[in-house]
Amino acid sequence: RKEVEQDPGPFNVPEGATVAFNCTYSNSASQSFFWYRQDCRKEPKLLMSVYSSGNEDGRFTAQLNRASQYISLLIRDSKLSDSATYLCVVTSYNQGGKLIFGQGTELSVKP
Amino acid sequence: DVKVTQSSRYLVKRTGEKVFLECVQDMDHENMFWYRQDPGLGLRLIYFSYDVKMKEKGDIPEGYSVSREKKERFSLILESASTNQTSMYLCASSFTGRTGELFFGEGSRLTVL
């Protein structure tokens, strides 16, 4: 079983739609969680950290469920420019804080 | 504007050649990393370094070595390139204590024939 699992998609949605991605992790000692965004043929960039209480940044909301070991990313009012691959990233105390990347979920927002 | 610069965007090498991939960051970050990214496998950590002259193996170090002689520079070396090392190589850096915030270079796409 992979340490961090994501639905690879692609998710094809119309502009203005709300879309949600889930990511599950297997290590119960995981401590920190992040969402990265990677545009086609570009490098990954940090989108947002995920806090225990959940956090919001504009149209983006991140949630953490430690009991079920998953994190989620909700995008409201999707824009064409949101088209990208979204990478779930987890770090764990018992792995020296090393970042573990999911394979990514591809989002395509259509006009 | 902060930057991680990788020396070559595209390289084509032959099996058995020695390959150097250079990475330089201008943010005074302590930590530097080398990943490779392959379809269906995601990003996998090859080597990392938390300080000058220090290196640690990641998840897939076989066939690779690294060098960190200066804080700003982290080099990845393929001693004898093989076709299964054809991949996108990504360098990244971060501050200690903010290891979740990686800054990546644009990547080096290596093809080994």
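Look up a bit, the structure's there.
Only a predicted model underlies this, so the values are computations on that prediction, with no experimental measurement involved.

Asker: Any chance you could break down the interface of chain B and chain A for me, citing the residues and the numbers?
Answerer: Between chain B and chain A, the contact holds 18 residues from the first and 15 residues from the second. In total, chain B and chain A occlude about 1,300 Å² of area from one another, counting both sides; carbon and sulfur atoms represent 55% of this. Sorting the residues of chain B by area buried against chain A places Leu 43, Gly 100 and Phe 104 of chain B first, and these three jointly supply 32% of that buried surface. Viewed at the interface, chain A and chain B are joined by zero salt bridges. At the junction of chain B with chain A, the criterion picks out four residue pairs in polar contact (both at pLDDT 80 or more). Among the secondary structure elements, those contributing two or more residues to the side of chain B that touches chain A are β5 (31–38) and β6 (42–49) of chain B. Element by element, the count of residues in the side of chain B that touches chain A is highest for β6 of chain B, at three residues. A per-class count over the side of chain B that touches chain A returns eight nonpolar, six polar and four charged.

Asker: Requested: an account of the environment of Gly 58 of chain B, with residues and values cited.
Answerer: All names here are of chain B. Positionally, Gly 58 belongs in the loop between β7 (56–57) and β8 (65–70). With 12 residues separating them along the chain, Gly 58 and Ile 46 place their C-alpha atoms 4.7 Å apart. Discounting chain neighbours no more than four positions away, the residues touching Gly 58 are Leu 45, Ile 46, Tyr 47 and Phe 48.

Asker: Just give me the short version of the layout of surface pockets, but keep the residues and values in it.
Answerer: Considering only enclosed or pocket space, the largest pocket measures out at about 740 Å³ in volume. Together, 32 residues line the largest pocket, and Gln 38, Arg 41 and Thr 85 of chain A together with Gln 37 and Arg 109 of chain B are the ones closest to its centre. For the lining of the largest pocket, the secondary-structure elements that each account for two or more residues are β9 (84–92) and β11 (105–110) of chain A together with β5, β10 (87–94) and β12 (108–112) of chain B. Looking at the lining of the largest pocket residue by residue, the classes come out as 11 nonpolar, 12 polar and nine charged.

Analysis parameters
- Residues numbered from 1 in each chain as written.
- Chains lettered and ligands numbered in written order.
- Predicted model: local features only at pLDDT ≥ 70, side-chain atom pairs only at ≥ 80, totals over all residues.
- Heavy atoms only, no water.
- Contact = heavy atoms within 4.5 Å.
- Buried area = accessible area lost by both parts, 1.4 Å probe.
- Salt bridge = Lys/Arg side-chain N within 4 Å of Asp/Glu carboxyl O.
- Polar contact = N/O pair within 3.5 Å; in protein donor to acceptor, adjacent residues only side chain to side chain.
- Helix = DSSP H or I, 4+ residues; strand = E, 2+ residues; numbered from the N terminus.
- Nonpolar A, V, L, I, M, F, W, Y, C, P; charged D, E, K, R; others polar.
- 1 Å grid on protein atoms, 1.4 Å probe; cavity = no way out; pocket = protein on both sides within 12 Å on 5 of 7 lines; lining within 4 Å.
- Points joined across faces, edges and corners; volume = space filled by probe spheres on them.

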